[in-house]
Amino acid sequence: MSKFEKMLVAFLIFALVPNIIQVDANISKSMYLTWGVQHASILGEDLHLVLDKTSGSAAQSKRSFLFGSIEMLIKLIPGNSAGTVTAYYLSSTGSQHDEIDFEFLGNSTGQPYTVHTNIYSQGKGSREQQFYLWFDPTADFHNYTIHWNPTEIVWYVDKVPIRVFRNYEKEGIAYPNQQGMRVYTSLWNADDWATRGGLVKTDWHGAPFTARFHHFRPRACKWSGARSINQCASNVPANWWTSRRYKQLSHSQMGQLNWVRKNYMIYDYCTDTKRFNGQMPPECFKPQL
């Protein structure tokens, strides 16, 4: 190959490589408060969201992303957190939005948090799976990661996969791969449904409630409009999330996933035949491993 041909190939590869957000991004540079700013705070690597009777609070990323890995360390509200919801999720906007959720439903002192996961594709959700955790999420920070690529979405807790949603778009099942999504965090009062279906209300004597976030790491493809749809999905070295190792869980990861689902899963929409009157969503009949 001539020098000119090598330069041409290099140029073409560079043109196809999307803008990757590096791992040295931090919360103060990457996110901003959107409501409850009077009592929430961002300082360096730390985000504190606060809820009291007057208001909850929230923050979001400055950029949108399409594919990659989004991770955050979170320390949840200790003690009696019943009625509260701490949310950490990706979402686009509009009636046909995509969304990938982690929500942490508070509980009475001594009772476990519920980890509520969901996914929306083109505005359609109702794909909830819920779990208990195998540790106390209020005693220290723990890593919650959403890994999202053209093949599958994986929810991780401390690097342990708890859920997988695979891409069956070719079989008519919508998959989030056409819209950039921002990262959102929020803390709010949801005592009409969050704890035991709304039977347990928020005890405001314990307010203010604080959820702590740290070490935000978006190792992801920056959304730059419609051209990013192909760029971010291209199988090029810079798009590490498209490499073979991320197309499916490893054997050991499958073992971890099955362990979590056997011991800590408490709800799966794919087994709720009464809810769907026997007309189960089509992805429930597809393998997700």
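Before any of the text, the structure's been laid out above.
Computed from a prediction, not measured in an experiment: that's the story for all the values here.

> Please clarify how the pairing of strand 7 (residues 114-120) should be interpreted in this entry.
It is a general feature of regular strands that their side chains alternate between the two faces of the sheet. With six of its seven residues buried, strand 7 lies for the most part within the structure. Here strand 6 (residues 99-105) pairs with strand 7 via seven bridges, running antiparallel. Residue pairing in the sheet places Asp101 in a bridge with Asn118 of strand 7. As defined by bridge partners, strand 7 adjoins strand 8 (residues 129-131) across three bridges and the pair is classed as antiparallel. Note on strand 8: the bridge partner recorded for Thr117 is Gln129.

> Explain the state of the cysteines to me, please; I cannot follow it from the model alone.
The final tally for this structure, using the stated rule, is two disulfides. Disulfide pairing places Cys221 opposite Cys232 at an S-S distance of 2.1 Å. Here the S-S torsion is close to -70 degrees, and the disulfide linking Cys221 with Cys232 is therefore left-handed. Residue Cys221 is located in strand 13 (residues 209-222), and its partner Cys232 is located in the loop between helix 3 (228-231) and helix 4 (251-263); the two are separated by eleven residues in the primary sequence. Note on accessibility: Cys221 and Cys232 belong to one class, buried. Each sulfur of the disulfide joining Cys270 and Cys284 lies 2.0 Å from the other. Classification of the bridge connecting Cys270 and Cys284 rests on its S-S torsion, roughly -80 degrees, and on that basis the disulfide is left-handed. Here the residue Cys270 occupies a position in the segment after strand 14 (265-268), and Cys284 occupies one in the segment after strand 14, the gap between them amounting to 14 residues.

> Sorry, what's going on with unusual backbone geometry here?
In most cases, non-glycine residues show a negative phi, while peptide bonds are predominantly trans. Cis geometry marks the peptide bond from Ala207 to Pro208; its omega dihedral reads 0 degrees. Position of Pro208 relative to the elements: it lies in the loop between strand 12 (181-189) and strand 13. Although it is not a glycine, Gln122 adopts a positive phi angle of roughly 55 degrees. Here Gln122 lies in the loop between strand 7 and strand 8. In this model, Asn277 sits at a positive phi of 50 degrees, which is unusual for a non-glycine residue. Its location among the elements puts Asn277 in the segment after strand 14.

> Could you clarify how one ought to interpret the packing of aromatic side chains in this entry?
Each aromatic ring pair is characterised by the separation of its centres together with the angle its planes make. With the rule as written, the count across this model stands at 16 aromatic pairs. With a centroid separation of 5.7 Å and 55 degrees between ring planes, the pair formed by Trp134 and Tyr264 is classed as tilted. Residue Trp134 is found in the loop between strand 8 and strand 9 (142-148), and its partner Tyr264 is found in the loop between helix 4 and strand 14; the two are separated by 130 residues along the sequence. Ring plane angle 75 degrees and centroid distance 5.6 Å describe the contact between Trp240 and Trp241, whose orientation is recorded as edge-to-face. Across the pair, exposure class does not vary: Trp240 and Trp241 are buried alike. Positioned above the aromatic ring of Trp155, the side-chain terminus of Arg163 is 4.7 Å from the ring centre.

About the cut-offs
Residues numbered from 1 in each chain as written. Predicted model: local features only at pLDDT ≥ 70, side-chain atom pairs only at ≥ 80, totals over all residues. Heavy atoms only, no water. Buried < 20%, exposed > 50% of the residue type's maximum accessible area, 1.4 Å probe, protein only. Helix = DSSP H or I, 4+ residues; strand = E, 2+ residues; numbered from the N terminus. Pairing = 2+ DSSP bridges. Disulfide = S-S within 2.5 Å. Phe/Tyr/Trp six-rings, centres within 6.5 Å; stacked < 30°, edge-to-face > 60°. Lys NZ or Arg CZ within 6 Å of the ring centre and 35° of its normal.

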